[in-house]
Amino acid sequence: MIRNGHGEAGGAERPGPGGRRAVRVWCDGCYDMVHYGHSNQLRQARAMGDHLIVGVHTDEEIAKHKGPPVFTQEERYKMVQAIKWVDEVVPAAPYVTTLETLDKYSCDFCVHGNDITLTVDGRDTYEEVKQAGRYRECKRTQGVSTTDLVGRMLLVTKAHHSSQEMSSEYREYADSFGKCPGGRNPWTGVSQFLQTSQKIIQFASGKEPQPGETVIYVAGAFDLFHIGHVDFLEKVHGLAERPYVIAGLHFDQEVNHYKGKNYPIMNLHERTLSVLACRYVSEVVIGAPYSVTAELLDHFKVDLVCHGKTEIVPDKDGSDPYEIDSGNDLTTDLIVQRIIKNRLEYEARNQKKEAKELAFLEAMSQQEARPERESDCDL
């Protein structure tokens, strides 16, 4: 078990309000290609209790029930550990959630989104805890899914950028990616993300730098927020005893200028939420200038500027203000290469997933219709 502590790494479990026993909440999942939809689910789950424990499945379990994961289990454990609403991570959590698991970790109930998760043989993985009344549901985040992100990587268009209209080509691809023939269900698919001020407020800490804190500024695309970013930000966070890390995110057009192709994969609004969910970040500058100017440093009272070892387009003066080695060479480009290499497997995985969900929906529909027919016969 990996312990985090809410908001700050290494914190101990605290009692609930008024000294009552803390309500312990369980979540579990694959958490592959972690995005702000996953973070929002964990945020909602954490709000239902006082201590959030997250179980993460192994590569073997995911391959058995869904198909090959993009990230390794070690990468996925660390990604979940970096989300600020998570208190503890349980590696190698069972794919089917049972009362035994909840009791083992002294959890009062488990929380899952309002979609369905099925085993390889089409059973609801939360059936047992639902029947026992130890299941809660949270809202699924509209406008983001692993399916959509994979589609953006494979279809080289800029339709997902914040200033672009979704093209008919992208919409057709998004609507059909990984679909089983003739099938459609309410969970597997693509919808449009709409940023709101309320969502930013929910993700933001709302805390300003305090006297004695070291203000550290970092900037970049932070696209497809991944373990390489987490390792870098963790190193930055460790540079001071009381750090206040500000992350500047470049506009989509700026990122596309220095990255090319259809980058960024996630638009500015999406990248903002992804970075805000990280426990090592205190504040985000939305649409930060590419050049780190004296005016910017003075405005935020910055004590230290950091940059990773990834290649950058030279600034106006051609200098790199600071360099820090995160110890991780993973980049957004490498993630895209993983997806492209296994394209057919991911498409097959989505088709298999949707086919199981459609079969489950059909079985549920028939089960609901049966009592009605029996009632008609009684009349």
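Going by the structure above, here's the rest.
Attention in this report is confined to the structure presented alongside it. Within any chain, residue numbers begin from 1 and follow the written order of that chain's sequence. Totals for whole chains, interfaces and linings use all residues, but because this is a predicted model, local features are given only for residues with pLDDT of at least 70 and pairs of side-chain atoms are given and counted only at 80 or more. Each side-chain value is derived from all of the structure's non-hydrogen atoms; neither hydrogens nor water enter the calculation.

Going from Tyr-263 to Pro-264, the amide bond is cis rather than trans, its omega being 0 degrees. Helix numbers and strand numbers start at the N terminus; a helix is a DSSP run of H or I with at least 4 residues, a strand a run of E with at least 2. By the element assignment, Pro-264 lies in the loop between helix 10 (252–259) and helix 11 (268–276). You will see that Phe-222, though not glycine, has its phi angle at about 50 degrees, which is positive. Position of Phe-222 among the secondary structure elements: in the loop between strand 7 (214–220) and helix 9 (227–237). The backbone of Lys-261 shows a phi angle near 50 degrees, a positive value even though the residue is not glycine.

Accessible area is worked out with a 1.4 Å probe on protein chains only. A residue is then buried under 20% of its type maximum, exposed over 50%, and partly exposed in between. Buried within helix 10 are the following residues: Asp-252, Val-255 and Asn-256. Along the axis of helix 10, the buried residues cluster in a sector spanning 100 degrees; they form a single face. Looking one or two residues beyond helix 10, the residue adopting positive phi is Gly-260, at roughly 75 degrees. Think of it as the arc spanned by the lines of direction from the helix axis to the C-beta atoms.

Quick look at the packing of aromatic side chains now. When the centres of two rings from Phe, Tyr and Trp lie within 6.5 Å, Trp using its six-membered ring, the rings pair. Their planes under 30 degrees apart give stacked, over 60 give edge-to-face, and anything left gives tilted. Applying the stated criterion to the full structure yields 5 aromatic pairs. Seen in terms of ring centroids, Trp-85 and Phe-203 are 5.2 Å apart; in terms of plane orientation they differ by 80 degrees. Their pairing is edge-to-face. Of this pair, Trp-85 sits in the loop between helix 3 (73–81) and strand 4 (88–91) while Phe-203 sits in helix 8 (residues 197–203), placing them 118 residues apart in sequence. Phe-203 gets classed as buried once you look at its relative accessible area, which sits at 0%. Both rings, one in Phe-222 and one in Phe-225, keep their centres 6.5 Å apart while their planes meet at 40 degrees; by these two values the pair is tilted. Both residues of the pair, Phe-222 and Phe-225, belong to the buried class. The residue whose ring lies beneath Arg-136 is Phe-109, and the NZ or CZ to ring-centre distance is 4.5 Å. Taking the ring centre of Tyr-263 as reference, the NZ or CZ of Lys-259 above it sits at 4.8 Å. The criterion is that NZ of a Lys, or CZ of an Arg, lies within 6 Å of the ring centre and within 35 degrees of the ring normal, and then a charge sits over that ring.

A word on the pairing of strand 3 (residues 51–56). Of all 6 residues that make up strand 3, 6 are buried, and the element is covered over most of its length. A two-sided burial pattern is seen for strand 3, the buried positions comprising His-51, Ile-53 and Gly-55 on one face and Leu-52, Val-54 and Val-56 on the other. When DSSP finds two or more bridges between two strands, those strands count as paired. Bridge count between strand 2 (residues 24–29) and strand 3: 6 bridges; the pairing is parallel. For Arg-24, the partnering residue across the bridge sits in strand 3 and is His-51. By convention a crossover is right-handed if, when the strands point away from the viewer, the path from the first strand over the helix to the second runs clockwise. Between strand 2 and its parallel partner strand 3, the chain crosses via helix 1 (residues 36–47), and the hand of that crossover is right-handed.

Moving on: empty space enclosed by the protein. Cavity and pocket criteria rest on a 1 Å grid covering protein atoms alone: a 1.4 Å probe that fits but cannot get out defines a cavity, protein on both sides within 12 Å along at least 5 of 7 lines defines an open pocket, and an atom within 4 Å of a point defines a lining residue. Grid points are joined across faces, edges and corners, and a volume is the space filled by probe spheres set on the points. Enumeration according to the criterion identifies 5 cavities of 30 Å³ or more in this entry. When its volume is computed, the second largest cavity comes out at roughly 100 Å³. In terms of lining, the second largest cavity is formed by 14 residues, of which the most central are Val-34, Ser-39, Met-79, Phe-225 and Ser-274.

What follows concerns the packing of helix 6 (residues 146–154) against helix 13 (residues 332–341). The N-to-C vectors of helix 6 and helix 13 enclose an angle of 90 degrees; their axes lie 10 Å apart at closest approach. As summarised for this structure, helix 6 and helix 13 are arranged roughly perpendicular, according to the angle between their axes. The segment helix 6 lies against helix 13, with Val-150, Met-153 and Leu-154 engaging Ile-335, Val-336, Ile-339 and Ile-340. Each residue is assigned to one class: nonpolar for Ala, Val, Leu, Ile, Met, Phe, Trp, Tyr, Cys and Pro, charged for Asp, Glu, Lys and Arg, and polar for all the others, Gly among them. Taken together, the residues of the contact of helix 6 with helix 13 break down into 7 nonpolar, no polar and no charged. Axes here refer to lines fitted to C-alpha atoms; in helices the fit is confined to the stretch in contact. Angles between the N-to-C directions go from 0 to 180 degrees. Oblique is the label for any angle not under 35 degrees, not over 145, and not in the 65 to 115 range, which are roughly parallel, roughly antiparallel and roughly perpendicular in turn. Contact criterion: two residues are considered in contact whenever any of their non-hydrogen atoms come within 4.5 Å of each other.

Disulfides are covalent bonds that connect the sulfur atoms of two cysteines. Here, two cysteine sulfur atoms that lie within 2.5 Å of each other are counted as a disulfide. The tally for this structure, following the rule as stated, stands at 0 disulfides. The thiol sulfur of Cys-110 is not disulfide-bonded, and the nearest other cysteine sulfur, from Cys-27, lies at 7.6 Å. Look at Cys-110 and you get buried, because its relative accessible area is 0%.

This part takes up the packing of helix 3 against helix 9. One can describe the packing of helix 3 onto helix 9 by two numbers: an axis separation of 10 Å at closest approach and a directional angle of 50 degrees. Looking at the two axes, helix 3 sits oblique to helix 9. Handedness of the crossing formed by helix 3 with helix 9: left-handed. Each of Glu-75, Lys-78 and Met-79 in helix 3 lies in contact with helix 9, whose residues at this interface are Ile-227, Val-230, Asp-231 and Glu-234. Taken together, the residues of the contact of helix 3 with helix 9 sort by class into 3 nonpolar, no polar and 4 charged. Helix crossings are classified by the rotation of the near helix relative to the far one: an anticlockwise turn of less than a right angle makes the crossing left-handed, while a clockwise turn makes it right-handed.

Okay, the sheet that holds strand 9 (residues 283–286) next. Taken in spatial order, the 4 strands make up an open sheet running 9-8-7-10, and their pairing is parallel. Each having just a single partner strand, strand 9 and strand 10 (304–306) make up the two edges of the open sheet. Put simply, the sheet's adjacent strands are angled 25 degrees from each other on average, direction ignored. Pairing analysis gives 7 bridges linking strand 7 to strand 8 (residues 243–249), with the strands arranged parallel. Bridging across to strand 8, Val-215 finds its partner in Tyr-244.

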